[in-house]
Every structure is written in C-alpha cells, then in structure tokens.
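Coordinates in review
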Amino acid sequence: GRLQPLGNSLPLAYFAQRLVPTEDVAALSQLDPTGSTLVDQSLQVQPDPSARLTVTDRGLDWLSFQYASNTPNLVRVAIPFYPGWRATVDGVAAPIMATNHLFRGVPASAGAHRIRFEYRPLSVAIGAGASALGLALMGALAVAAARRR
C-alpha cells in the first residue's frame, strides 16, 4: 500500500490565529491546534483572513516560504523544534519560537516577505573544524618527517 495524507491534517506551514501562553494550564486541555498555537514567548498577532503563505522550495535541510499579510502574525511550521535550525526573513536572521511545545514558529511582520529555514547545527561546524585541524597537523608532521630524511 501507499501512504495517503489525512484529509483533516494541518498544512506544513500556516499563520497562527490565536496565541495561547504556555502558562495557561487551563487552556491546554482545550487547545485546538487548528485555531490556537501554544507559545512560550509574548507576541501579539492580528489574524488576517486575506494572508497568503506558500512553500516555494525545500531540501533535506532547508525550507523556503513566501508570505503576504496585512497584519503582524506568527508563521507556524510543522517541523520539530530542535537545536541547529536557523531562520531568516528577507535574508536577515530571525528568532525561532517553540510552538505547541514541539514545532517552530517565526514572527512575521506585515507585508510581503520571504522566510528561509536552514539546519546548521553547531556540532557539524565543530566537527569540520576539528577535521581540518587534524588534517593540517598530519600534513605538518608529514612535511617535518620528509625534511628529516
């Protein structure tokens, strides 16, 4: 058999309609993810029924969107909130918020903009630096050994 998407599933990315602070324990039991988004930071959103959000491109470790909204909002993305993800809005670094304790969100100002998520964990940069240092050290030792002969 083939995997089939659920007809009532939420899209990959959408604008939050209402933000619920994580401290509101009573709201957690009645949280409806189609209309509410749980956040751990203060942010004001104004739903815009005419707002548009489109996934423009994606790869294994990145994702790009275009959006247009008349009001400030939060773009909620259904990809796990995990260290190493970076976000930019129009090429400028943007904060990533945890949404629903599991996913990611980016504050979206009014207007037409581009959002890009990239997975660039610090561990990869450290590993590449250590590898380069190790290769340089091995090269220096090889040159020193060749000069002794």
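Description of the structure in this document. Please read all numbers here as calculations on a predicted model, not as lab measurements.

Observations concerning the overall build of the chain
- Counting its regular elements, the chain contains two helices and eleven strands.
- For 149 residues, the compact-globule estimate of 2.2 N^0.38 gives 15 Å, and the chain exceeds it by more than 25% at 22 Å.
- Considering only C-alpha atoms, the chain reaches an extent of 75 × 45 × 35 Å along its principal axes.
- Here the chain holds 149 residues, and the buried ones make up 32% of them.
- Accessible surface computed for the chain: about 9,800 Å², of which carbon and sulfur atoms make up 60%.

Examining the packing of aromatic side chains
- Taken as a whole, this structure holds four aromatic pairs when the rule is applied.
- Aromatic pair Phe65 and Phe117: ring centres 6.2 Å apart, planes at 85°, arrangement edge-to-face. One end of the pair, Phe65, is in strand 5 (residues 62-69); the other, Phe117, is in strand 11 (residues 111-119), with 52 residues separating them in the sequence. No difference in accessibility class separates Phe65 from Phe117, as the two residues are buried.
- Aromatic side chains Trp85 and Tyr119 sit 5.3 Å apart centroid to centroid with 50° between the ring planes, which places their arrangement in the tilted category. Highlighted residues: Trp85 in strand 7 (residues 85-89) and Tyr119 in strand 11, separated in sequence by 34 residues.
- Given a relative accessible area of 16%, Trp85 falls into the buried group.
- The exposure class of Tyr119 is partly exposed, given its relative accessible area of 27%.

Considering the nonpolar core
- If you look at the biggest cluster of nonpolar residues, it comprises 18 residues, and the most contacted ones within it are Phe65, Val75, Val77, Val106, Ile115 and Phe117.
- Those elements giving two or more residues to this core turn out to be strand 1 (13-15), strand 5, strand 6 (73-80), strand 7, strand 10 (103-108) and strand 11.
- With six residues, the next largest nonpolar core counts Ala16, Val39, Val45 and Met97 among its residues.

A short note on the pairing of strand 4 (residues 52-58)
- Pairing between strand 4 and strand 5: six bridges, direction antiparallel. When the sheet's bridge partners are listed, Arg58 is paired in strand 5 with Leu63.
- Where strand 4 folds back onto strand 5 in an antiparallel hairpin, the turn is made up of three residues.

Re the side chain of Arg76
- Within the secondary structure layout, Arg76 lies in strand 6.
- On the basis of relative accessible area, Arg76 is assigned to the buried category, the value being 3%.
- Discounting chain neighbours no more than four positions away, the residues touching Arg76 are Pro11, Leu12, Ala13, Tyr14, Thr37, Thr99, Asn100, Phe103, Arg104 and Gly105.

So, the sheet that holds strand 11
- Sheet architecture is open: five strands sit in the order 4-5-11-7-8, paired in antiparallel fashion. Looking at strand neighbours, the two that pair on one side only are strand 4 and strand 8 (92-94), the edges of this open sheet. Averaged over all pairs of adjacent strands, the angle between their axes in this sheet comes to 30°, without regard to strand direction.

A closer look at the side chain of Arg104
- Along the chain, Arg104 falls in strand 10.
- In this structure Arg104 is buried but unpaired, with Glu118 as the nearest side chain of opposite charge at 11 Å.
- From its side chain, Arg104 meets the backbone oxygen of Ile79 in a polar contact 3.4 Å long.
- Contact partners of Arg104, with chain neighbours within four places excluded, come to Val75, Arg76, Val77, Ile79, Pro80, Phe81, Trp85, Ile96, Met97, Thr99 and Phe117.

Cut-off values and rules
- Residues numbered from 1 in each chain as written.
- Predicted model: local features only at pLDDT ≥ 70, side-chain atom pairs only at ≥ 80, totals over all residues.
- Heavy atoms only, no water.
- Helix = DSSP H or I, 4+ residues; strand = E, 2+ residues; numbered from the N terminus.
- Rg over C-alpha atoms; globule rule 2.2 N^0.38 Å.
- Buried < 20%, exposed > 50% of the residue type's maximum accessible area, 1.4 Å probe, protein only.
- Areas by Shrake-Rupley, 256 points an atom, 1.4 Å probe, with all protein chains shown as cover.
- Phe/Tyr/Trp six-rings, centres within 6.5 Å; stacked < 30°, edge-to-face > 60°.
- Core = buried A, V, L, I, M, F, W, Y, C linked by side-chain atoms within 4.5 Å.
- Pairing = 2+ DSSP bridges.
- Contact = heavy atoms within 4.5 Å.
- Axes fitted to C-alpha atoms, helices over the stretch in contact; angles between N-to-C directions.
- Lys, Arg positive; Asp, Glu negative; His and termini not counted.
- Salt bridge = Lys/Arg side-chain N within 4 Å of Asp/Glu carboxyl O.
- Polar contact = N/O pair within 3.5 Å; in protein donor to acceptor, adjacent residues only side chain to side chain.

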